[in-house]
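Structural overview for review
Here are the chains, one letter per residue:
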Amino acid sequence: MKKITFIIALFFCCAGTIIAQQFVSTEPSLKKVVIEEFTGIACNACPSAHKKANELMNNNPGQVFLINIHEWFAPDEYPNFKTEDGKIIHGALHGFGTPSGRVNRSTNFEPSPGHWEAAVYSITRESAPCNIAGQAIIDEASRTATITVEVYYTQDSDAETNLLTIAMTQDSVWGPQVNGESNPSQYLNGKYCHMHTLRDIITPTWGDEIGPTTEGTLITKTYTYQIPEIIGDPNGVEVNLNHIDFIAFVSNSFIEMASLPILNVCDMPILVGTQETVFPYFENISMKQNSFCSNNMTFTIDMMNRGLDELTSIRMQMEADNGETFEYEWKGSIASYEFGKVEFEMEVPVGIHTVDFKIVEANGLPFNYSMEYETICDEWNVAYLDDENGEIILELMQDKFGNETTWQITTDDNTVVASGGPYEYYFGQSTATELHEIPLQLPLNQCLKFTINDAIGNGICCNHGDGYYRIIDGRGDLIVDGNGDFGDEASHVFSIEVINNIDENEELIYNIYPNPAKDYVKLSAVNAQHSVLRIYNVMGMMLEEIEINSDEIEINVSDYEDGIYFFNIDGEVIKIVIKNL
């Protein structure tokens with residue numbers, strides 16, 4: 001037998017009842033896709049197809065997954081990727097030359113690589129009847145994988161029962177490939193790095209039957225799988241635990257020779273266990289800014305206990321790249337191989353900094369584990385208006401994929417006060433741009449945050465058209481100036497003030513310098529009369545009131561946070577930028 005599988009299936013289907021899922025979302029979602037690519041080592045055109053599939057996966061992160069099935073043009077020499085499951089799938093779904101591939105086993109699209117982009121674009125915009133998620137825990141010593149999969153139905157499926165399939169793929173296997181140089185990202189010194197190769201199907205080839213498939217149903221299945229050391233005969237390939245993935249998908253029904261179409265897909269995170277008694281592990285670190293105009297942040301750490309004993313305490317030290325340090329001690333309870341959350345507040349420096357999160361003690365014992373995390377604390381600009389009914393202008397130049405671009409402006413309590421997108425997708429064009437000029441009337445005297453998002457994570461620039469975004473205030477000044485190369489998200493903080501009596505001309509009674517200032521600000525004048533200086537922040541709060549009785553005074557601002565301040569001297573207002581960090 002190629003494997004031993006133990007299955008536990010739990011069904012919860014009760015309208016109006018809270019479903020106790022662990023991994024899967026219960027919110028409606030769009031479909032994700034898997035491309036089952038039929039390929040071969042002796043296939044001249046296959047590296048170009050690999051390149052095309054990689055581009056689709058990279059341009060659609062978290063939405064497109066790949067399984068490479070070797071059957072034709074696949075000699076028995078090393079590395080021999082042929083499998084019994086692959087032979088069955090190839091026989092039922094191939095029906096075309098090599099290379100070819102099915103996207104979610106859809107029969108609406110031709111399987112040639114030239115049709116994959118259109119299929120991915122179309123299917124990933126369809127509503128998914130179910131969501132799927134899970135995880136795999138591998139005991140490295142015994143090579144035993146415990147795979148838990150959850151399927152939640154957000155709507156009724158077309159069939160009374162569906163089919164759940166789990167495939168194991170492997171990356172980074174070096175070997176020969178005809179014409180491998182045509183895909184240079186996987187080619188080095190005459191060798192080809194084979195990726196996404198099918199190694200085994202954990203379930204039956206066409207999947208395990210699951211049901212009921214009605215809205216509100218949660219199905220949980222757990223499989224215990226013994227990972228072989230080598231797969232393939234002859235000239236089999238070692239199964240490297242560091243290079244495998246588990247991909248799970250749900251198919252609608254078995255039709256003629258195959259289960260199709262695929263309704264939704266996921267890949268599962270792999271957790272490698274240890275034989276250590278104490279082993280806390282950072283699965284993820286996230287950060288939330290408590291106020292747009294503050295450098296006080298709340299950090300949430302998703303922690304896994306990879307050790308054999310219950311985790312009851314950790315002591316952490318955080319060190320930023322500018323030398324600032326912070327300590328935190330947590331006490332609680334996380335069972336072996338379970339997850340927990342650690343949450344705490346910490347001041348972070350303004351700007352972009354790398355913070356090293358270190359665990360120096362666990363369960364009272366010395367421990368050494370760390371993860372770096374990039375913190376971002378925004379500075380903010382001030383937009384000026386002539387009157388309280390004035391408008392600022394958002395200029396947004398989209399690229400070809402306007403359908404991926406959205407933006408919003410939120411207040412400090414995360415209330416959305418303006419938003420826009422998605423915009424048009426210019427299908428069939430290699431590059432395209434379109435300018436959107438959006439007038440906005442926003443709340444005054446508040447911290448506002450503009451956030452632009454790209455759903456795929458490649459910004460609004462470069463290969464698909466040079467996009468950008470700008471915010472211009474009522475005086476025509478540029479408040480936000482962003483190029484399109486921002487990845488998946490960019491944000492900027494600003495406030496809006498009415499000009500009123502702000503006069504930034506150079507003919508002032510008092511000379512205030514330096515500006516920007518650090519640690520101190522000096523005021524000088526000739527024959528100064530008795531005056532009062534009042535210092536305000538961008539929120540309009542008066543921070544300090546100082547009497548002026550001499551021609552020159554020095555004001556200590558070393559305790560002020562970085563930002564913009566207004567110095568009001570007898571009705572004259574001067575904007576001062578303070579940068580102490």
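Residues numbered from 1 in each chain as written. Predicted model: local features only at pLDDT ≥ 70, side-chain atom pairs only at ≥ 80, totals over all residues. Heavy atoms only, no water.

Quick notes on the overall build of the protein chain
Along the protein chain, the regular secondary structure elements total three helices and 43 strands. If one aligns the C-alpha atoms of the protein chain with their principal axes, the spans along those axes are about 100 × 60 × 60 Å. Residues classed as buried in the protein chain amount to 51% of the 581 residues present. For the protein chain, the proportion of contacts with a sequence separation of at least 24, taken over those separated by at least 6, is 70%. (Helix = DSSP H or I, 4+ residues; strand = E, 2+ residues; numbered from the N terminus. Buried < 20%, exposed > 50% of the residue type's maximum accessible area, 1.4 Å probe, protein only. Contact = heavy atoms within 4.5 Å.)

Some details on the nonpolar core
In terms of nonpolar packing, the biggest core is built from 28 residues, with I147, V151, I227 and F246 touching the most fellow members. Secondary-structure elements contributing two or more residues to this core are β7 (130–139), β8 (144–153), β9 (162–170), β15 (218–226), β18 (244–255) and β19 (258–268). Considering each element in turn, this core owes the most residues, five residues, to β8. Core analysis: the next-biggest nonpolar cluster, separate from the first, contains 27 residues, I285, W330, I334 and Y369 among them. (Core = buried A, V, L, I, M, F, W, Y, C linked by side-chain atoms within 4.5 Å.)

Description of the pattern of salt bridges
Scanning the entire structure with this criterion turns up twelve salt bridges. Linking D356 and K358 is a salt bridge whose minimum nitrogen-to-oxygen distance equals 4.0 Å. Here D356 falls in the buried class, since its relative accessible area comes to 18%. Each member of the salt-bridge network shares a partner with another, and the members are E319, D356 and K358. (Salt bridge = Lys/Arg side-chain N within 4 Å of Asp/Glu carboxyl O.)

Some thoughts on the pairing of strand β24 (residues 325–334)
In this structure, strand β23 (residues 311–320) lies alongside β24, joined through eight bridges in antiparallel fashion. Bridged to M316 within β24 is Y328. What sits between β23 and β24 in their antiparallel hairpin is a turn of four residues, with G323 showing a positive phi close to 100 degrees. (Pairing = 2+ DSSP bridges.)

Side note on the confidence of the model for the protein chain
Across the protein chain, the average pLDDT comes to 88, with 91% of residues at or above 70. Within the model, the stretch residues 1–17 combines pLDDT values under 50 with 39 contacts to residues more than four positions away or in other chains. (pLDDT = per-residue confidence, 0-100.)

A short note on the sheet that holds strand β22 (residues 296–305)
Strand order in the open sheet formed by three strands is β21-β22-β25, and the pairing between neighbours is antiparallel. Looking at which strands have only one partner, the edges of the open sheet turn out to be β21 (280–289) and β25 (339–347). Strand-to-strand twist in this sheet, taken as the mean axis angle between neighbours without regard to direction, amounts to 20 degrees. Note: β21 against β22, nine bridges, orientation antiparallel. Across the sheet, the residue bridging to Y281 is M304, located in β22. (Axes fitted to C-alpha atoms, helices over the stretch in contact; angles between N-to-C directions.)

Considering helix α2 (residues 84–93)
Taken residue by residue, α2 has D85, G86, I89, H90 and L93 as its buried positions. One side of α2 carries all its buried residues, which in axial view fall inside an arc of 130 degrees. Across from the buried face of α2, at angles greater than 90 degrees, the exposed residues are E84 and G91. Those residues of α2 that are buried lie in contact with β3 (33–39), β4 (64–70), β5 (100–103), β13 (197–201) and β19. (Arc of directions from axis to C-beta.)

Structural notes on the side chain of T169
Within the fold, T169 resides in strand β9. Residue classification places T169 among the buried positions, given a relative accessible area of 2%. For T169, the contacting residues outside a window of four places in its chain are L66, I67, H196, T197, L198, R199, H243, I244, D245 and I247.

Let's talk about the state of the cysteines
Here is the idea: a disulfide is a covalent bond, and it sits between the sulfur atoms of two cysteines. Following the criterion strictly, the structure yields two disulfides and no others. Bridging C43 to C46, the disulfide has an S-S length of 2.2 Å. On the sign convention where negative is left-handed, the bridge of C43 and C46, at about 90 degrees about the S-S bond, is right-handed. By the burial criterion, C43 is buried, and C46 matches it. The disulfide bridge from C461 ends at C462, spanning 2.2 Å between sulfur atoms. Given an S-S torsion of about -65 degrees, the disulfide between C461 and C462 has left-handed geometry. Of the residues examined, C462 reaches a relative accessible area of 46% and is grouped as partly exposed. Take C130: it sits in no disulfide, and the sulfur closest to it among the cysteines is that of C266, at 10 Å. Residue classification places C130 among the buried residues on the basis of a relative accessible area of 0%. (Disulfide = S-S within 2.5 Å.)

Digging into the environment of E404
Counting through the fold element by element, E404 comes out in the loop between β29 (392–398) and β30 (405–411). In the structure, E404 is positioned 353 residues away from K51 in sequence and 23 Å away in space, judged by C-alpha atoms. In contact with E404, not counting residues within four places along its chain, are N453, D454, A455, I456 and N458.

Some details on helix α3 (residues 116–123)
Listing the buried residues of α3 in full gives W116, A119, V120 and I123. Buried residues of α3, seen end-on, are gathered within an arc of 100 degrees and therefore sit on one face of the element. The inward-facing, buried residues of α3 contact β3, α1 (46–59), β4 and β5.

A word on the pairing of strand β27 (residues 365–377)
Where strand β26 (residues 351–362) lies against β27, eleven bridges are found, and the strand directions are antiparallel. Bridge pairing in β27 places V355 opposite Y373.

Some points on unusual backbone geometry
The omega torsion of the bond from G211 to P212 falls at 0 degrees, within 30 degrees of zero and hence cis. Position of P212 among the secondary structure elements: in the loop between β14 (208–210) and β15. Here the bond from L260 into P261 is cis, since omega is -15 degrees, no more than 30 degrees from zero. For R105, which is not glycine, the phi dihedral falls at a positive 55 degrees.

Concerning the packing of α1 against α3
Across the interface, α1 lies against α3 with an axial gap of 10 Å and an inter-helix angle of 25 degrees. The pairing of α1 with α3 is recorded here as roughly parallel in orientation. For the pair α1 and α3, the sense of crossing is right-handed. Only W116, E117 and V120 of α3 make contact with α1, whose side of the interface consists of A49, K52, A53 and L56. (Parallel < 35°, antiparallel > 145°, perpendicular 65-115°, else oblique. Left-handed = near helix turned anticlockwise from the far one by under 90°.)

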